[in-house]
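Each chain is listed here by its residues.
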Amino acid sequence: MRVSRRAFLNAGAAAGAGLIVGFRMPGVAQAADAAPAAFRPNAYIEISPDDTITLWVTRSEMGQGVRTTLPVLLAEELEVDPGRVRLEQAMPGARFKGIRLRTSGSGSSSGTFRALRLAGATAREMLIAAAAQVWQVDRSSCRAALGSVIHTPSGRTLGYGRLAGAAARQTPPSDPPLKDARNFRLIGTRVKRTDGPAIVRGGAVYGIDVRVPGMLVAVMERCPYLGGKVAGFDASKALATPGVRHVVPIKSGISTGVAVAADNTWAALKGRESLLVTWDPGPNRDFDSERFIRTMEEAFSKDGYPIRRDGDAEGAMGSAATTLEAVYEYPFQAHAPLETMNCTADMRKESCEVWAPTQTPETAFNDIIKTYGLPPEAVQVHTTLLGGGFGRRLFVDYVHEAVELSKAIGKPVQLLWTRPDDMRHGFFHPASVDRLRAGLSADGTVLAWLHKAVGSDLSMFGLPSEEEKKDQQRYAKDGSPWGAYDNPYGFPAMKVDYVPVDSPVPTGAWRAVEYPSRVFARESFIDEIARAGGKDPLRLRIDLLRPGNILELGDQRIDRGRMIKVLEIARDKTGWATPLSSTKDRLRGRGVAVNSYFGESYVAEVAEVSVARDLGDLRVDRVACVVDCGVAINLAGLEGQIESGITWGLSAALHGKIDFRDGRALQESYTDFEVMRMDESPVIETHLVPSQAPPSGFGEHSVPPVAPAVANAVFAATGRRVRRLPITPARLRA
């Protein structure tokens, strides 16, 4: 079954409904009848007689702070100190049937905001009812505070633990009251990460830290060619390596090869070095990413799929006093998480247990059941901490590999990807090109906007069939390409088209998915229009968003007034009206970009850069980010996500690029696929717009405006327009 990109990635927005479906834990009624020792009002919570409060976390922790934010939501309504909440990671299976466990689309906070509050409120109301029954008083005379129920007139108190048994016998309320936002004591405050000390001290357990009795460790020699496969191999030397136990061909996953399983990692690596493999390069041995970029540019001549039609854009171009045209290019990108792919699997004849740093434990669970014909109760998938995900761990190819290997050798095994494995053999963010044209009147007013985007379908969803390709609305009805479809500006006439050109490169979701490339093109070209018309770039954006009305596009509602607000605050907070002064050594400039993420959040960013006068050095000195994301659950977490997203965006803008030659990825480590280092990181400011709108997620929302804000700042400093990433001194000098 194929699903749309947006539906898959944004399912978090609808997760509240799914959570409510599975809100009552199976077996609650029986438990109440049996007067259990522990109180389990729903699938998420357990309160034990010893006052232990346990929350089952239904999202994967990959650095975004869900193991802090989600307990805050529960603790707010349950009226407990979040530090008292013990965490367990939810596992696919009967307990969480109907409850989403996947982590994607920046939906962890927004998707659980109501569901976890309801879970906490339900437990709170049942505990209060239980206390009132014990005291034989009216429940309205009781209240909950700091893990106890208090009878206000008498001052009597009972801790939650002592009430656990009585609470379990209460009927769960059908519509428990949620706290008024004015009474929040946790939501909207600054809460420190509960897992921070363990992470810093090395006590946190990531997938790569898993140890299972009798476990072997394996690495794979992978086919270097896109779509290639093993033609043959000689395992004799590898098997002669001390510690090596097995050499097994692996056919699952996206990059097949030969696995070497050994007593430890070092032995496995040495065994792999001795392995002799011959490859069948397959049909893509000549693939070249530079040539592919030119192929995509040639596709500008094709009509493509219609995305937006507002007025007669072609006609308006004909009457324009001035026309502008530019082509922007975005390269292939890798996810490059700090923790490489890995999975530990223990496949037995009648059961399977895996430990994996995954964003999609349900996918792994269901795939194992389907592939090996096991009953659900025989499969266990443990989600560990993730050392970065960014969309790469939405796919469970590495789980398939480990399970296949464990089945073949009959032992538990941890299959590790090395850094070069991870850089060269994963799913990549697809390259794309965008051609933009604009028609201006004599006074610089924009009369027409024409955008033709060329890119690739994400192969993770499966490429479209010939029948599906006949549907001319297949992209527009999915709101794709993001950033081009939901262009927020009020041009008199607009035409947007999309031309898919697929490559043999495995492609999947990257942080902010489709937005970074299209927002880079859109926001850079707005800057070019402003410069051509003699207008201030920030002022032009505000003018194009006036009168600040709601733009309705399909199921999106983009509030242009909120976009104007973040731009105005960015203008005021950065001293936009006062140009930066250059020095005798360095040129300085300021650039702006803005974006709406599906109408859920609004982000304006202003970048300040300095460039050596010989263009031999570029530094981003400051990035100010103004955010309207609705209710901010944890201010510290939000700031962390913004700083992380901007740093990620800067890595792509200034360094990131994956090249393919002769059917192979060239880069293999952080030395040739650089990320931002601490000594080049700018000052990052966060300015939050107070809002009572529903919270949106924010794991990736600050990424898209980064590259265009920097590129526009570089132009302001140097007068050189960069339309191709990464922005390097060599490109500035070219």
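Bear in mind that the values here come from a model prediction, so they are computed numbers and not experimental data.

Caption draft 1: Looking closely at the overall build of the protein chain. Per the secondary structure count, the protein chain includes 21 helices and 28 strands. Taken against the 2.2 N^0.38 rule, which gives 27 Å for 734 residues, the C-alpha radius of gyration of the protein chain at 27 Å falls within 12% of a compact globule. Overall size of the protein chain, expressed as C-alpha extent along the three principal axes, is 85 × 75 × 55 Å. Sequence separation of 24 or more characterises 78% of the internal contacts of the protein chain that already satisfy a separation of 6 or more.

Caption draft 2: Expanded view of the packing of helix H16 (residues 515-532) against helix H20 (residues 706-718). Packing of H16 against H20 leaves a shortest axis separation of 8 Å and a crossing angle of 30°. It follows that H16 is roughly parallel to H20 by the angle criterion. Note that H16 runs across H20; the crossing there is right-handed. Between H16, through Val519, Phe520, Glu523, Ser524, Asp527 and Arg531, and H20, the contact on the second element is made entirely by Ala707, Pro708, Ala711, Asn712, Phe715 and Ala716. Tallied by class, the residues present in the contact of H16 with H20 amount to seven nonpolar, two polar and three charged.

Caption draft 3: Seen up close, the environment of Phe673. Tracing the chain through its elements places Phe673 in the loop between strand S27 (664-665) and strand S28 (683-688). For Phe673, a relative accessible area of 4% corresponds to the buried category. Phe673 sits 18 residues away from His655 along the chain, and the two C-alpha atoms are 7.0 Å apart. Dropping the residues within four chain positions of it, Phe673 is found in contact with Gln333, Ala334, Ala336, Met423, Gly656, Lys657, Ile658 and Gln667.

Caption draft 4: Structural context of the state of the cysteines. Counted by the stated rule, this structure contains zero disulfides. No disulfide involves Cys352; its sulfur sits 8.2 Å from the nearest other cysteine sulfur, which is in Cys343. No disulfide involves Cys625; its sulfur sits 9.5 Å from the nearest other cysteine sulfur, which is in Cys629.

Caption draft 5: Main features of the sheet that holds strand S5 (residues 148-151). Strand order in the open sheet formed by three strands is S4-S5-S6, and the pairing between neighbours is antiparallel. Sheet topology places strand S4 (142-145) and strand S6 (156-159) at the edges, where each strand pairs with a single neighbour. Within this sheet the neighbouring strands show an average axis-to-axis angle of 25°, counted without direction. Both S4 and S5 contribute to a ladder of four bridges, which runs antiparallel.

Caption draft 6: Spotlight on the nonpolar core. Counting 100 residues, the largest nonpolar core has Phe525, Ile529, Val609, Val710 and Ile727 as its most contacted members. If we skip the residues at most four places from it in the chain, Val609 touches Leu587, Arg588, Gly589, Leu618, Arg619, Val620, Asp621, Val710, Ala713, Val714 and Ala717. In terms of nonpolar packing, the next biggest core, distinct from the first, is built from 50 residues, Val57, Ala119, Ile128 and Trp135 among them.

Caption draft 7: Highlighting the pairing of strand S10 (residues 257-262). S10 sits mainly inside the fold: six of its six residues count as buried. Across six bridges, the pairing between strand S9 (residues 244-250) and S10 is antiparallel. Paired with Val248 across the strands is Ala259, a residue of S10. A loop of six residues connects S9 with S10, the two strands running antiparallel in sequence, and Gly253 in this loop sits at a positive phi of about 80°.

Caption draft 8: Region of interest: helix H4 (residues 66-78). Here H4 contains 13 residues, and its C-alpha end-to-end distance of 18 Å stays within 8% of the 18 Å for a straight helix at 1.5 Å per residue. With its phi angle positive at about 65°, Glu79 sits one or two positions after the end of H4.

Caption draft 9: Quick look at H16. With 18 residues, H16 should reach 26 Å at 1.5 Å per residue; the first-to-last C-alpha distance of 25 Å fits that figure. Of all 18 residues that make up H16, 16 are buried, and the element is covered over most of its length.

Caption draft 10: The side chain of Thr54, seen in detail. Along the polypeptide, Thr54 turns up in strand S2 (residues 53-57). Engagement of the side chain of Thr54 in a polar contact is seen with the side chain of Arg86, the distance being 3.1 Å. Aside from chain neighbours lying at most four places away, what touches Thr54 is Tyr44, Ile45, Glu46, Arg86 and Glu88.

Caption draft 11: View of the pairing of strand S24 (residues 601-612). For S24, the buried fraction is high: 12 of the 12 residues fall into the buried class. Side-chain alternation along S24 places Ser601, Val603, Glu605, Ala607, Val609 and Val611 on one buried face and Tyr602, Ala604, Val606, Glu608, Ser610 and Ala612 on a second face that is also buried. Summarising the sheet, strand S23 (residues 586-597) and S24 pair through 12 bridges and their orientation is antiparallel. Among the inter-strand pairings, Val592 is bridged to a residue of S24, identified as Val606. Where S23 folds back on S24, the antiparallel hairpin that results is connected by three residues, among which Phe598 adopts a positive phi of roughly 55°. Strand direction decides the pairing type here: S24 and strand S25 (residues 618-628), joined by 10 bridges, are antiparallel. Within the sheet, the bridge partner assigned to Ser610 lies in S25 and is Arg619. Joining the antiparallel neighbours S24 and S25 is a turn of five residues, in which Leu615 adopts a positive phi near 65°.

Caption draft 12: The arrangement of the environment of Thr323 in detail. Following the sequence through the fold, Thr323 ends up in strand S13 (residues 322-330). Thr323 sits 328 residues away from Ser651 along the chain, and the two C-alpha atoms are 33 Å apart. Apart from residues no more than four positions distant in its own chain, Thr323 is found in contact with Met317, Ala438 and Gly439.

Caption draft 13: Inspection of the pattern of salt bridges at higher detail. This model, assessed by the stated rule, comprises 55 salt bridges. One salt bridge connects Arg393 with Glu339, and the closest N-O pair in it is separated by 3.7 Å. One end of the pair, Arg393, is in the loop between strand S16 (379-383) and helix H13 (397-409); the other, Glu339, is in the loop between S13 and strand S14 (342-347), and 54 residues separate them in sequence. One salt bridge in this structure joins Glu523 and Arg541, with 2.7 Å as the shortest N-O distance. Here Glu523 is found in helix H16, whereas its partner Arg541 is found in helix H17 (residues 537-545), with 18 residues between them in sequence. With respect to burial, Glu523 and Arg541 carry one shared label: buried. Salt bridges sharing partners connect three or more residues here, namely Glu290, Arg294, Glu297, Glu329, Lys657, Asp659 and Arg724.

Criteria and cut-off values
Residues numbered from 1 in each chain as written. Predicted model: local features only at pLDDT ≥ 70, side-chain atom pairs only at ≥ 80, totals over all residues. Heavy atoms only, no water. Helix = DSSP H or I, 4+ residues; strand = E, 2+ residues; numbered from the N terminus. Rg over C-alpha atoms; globule rule 2.2 N^0.38 Å. Contact = heavy atoms within 4.5 Å. Axes fitted to C-alpha atoms, helices over the stretch in contact; angles between N-to-C directions. Parallel < 35°, antiparallel > 145°, perpendicular 65-115°, else oblique. Left-handed = near helix turned anticlockwise from the far one by under 90°. Nonpolar A, V, L, I, M, F, W, Y, C, P; charged D, E, K, R; others polar. Buried < 20%, exposed > 50% of the residue type's maximum accessible area, 1.4 Å probe, protein only. Disulfide = S-S within 2.5 Å. Pairing = 2+ DSSP bridges. Core = buried A, V, L, I, M, F, W, Y, C linked by side-chain atoms within 4.5 Å. Expected span 1.5 Å × (residues − 1). Polar contact = N/O pair within 3.5 Å; in protein donor to acceptor, adjacent residues only side chain to side chain. Salt bridge = Lys/Arg side-chain N within 4 Å of Asp/Glu carboxyl O.

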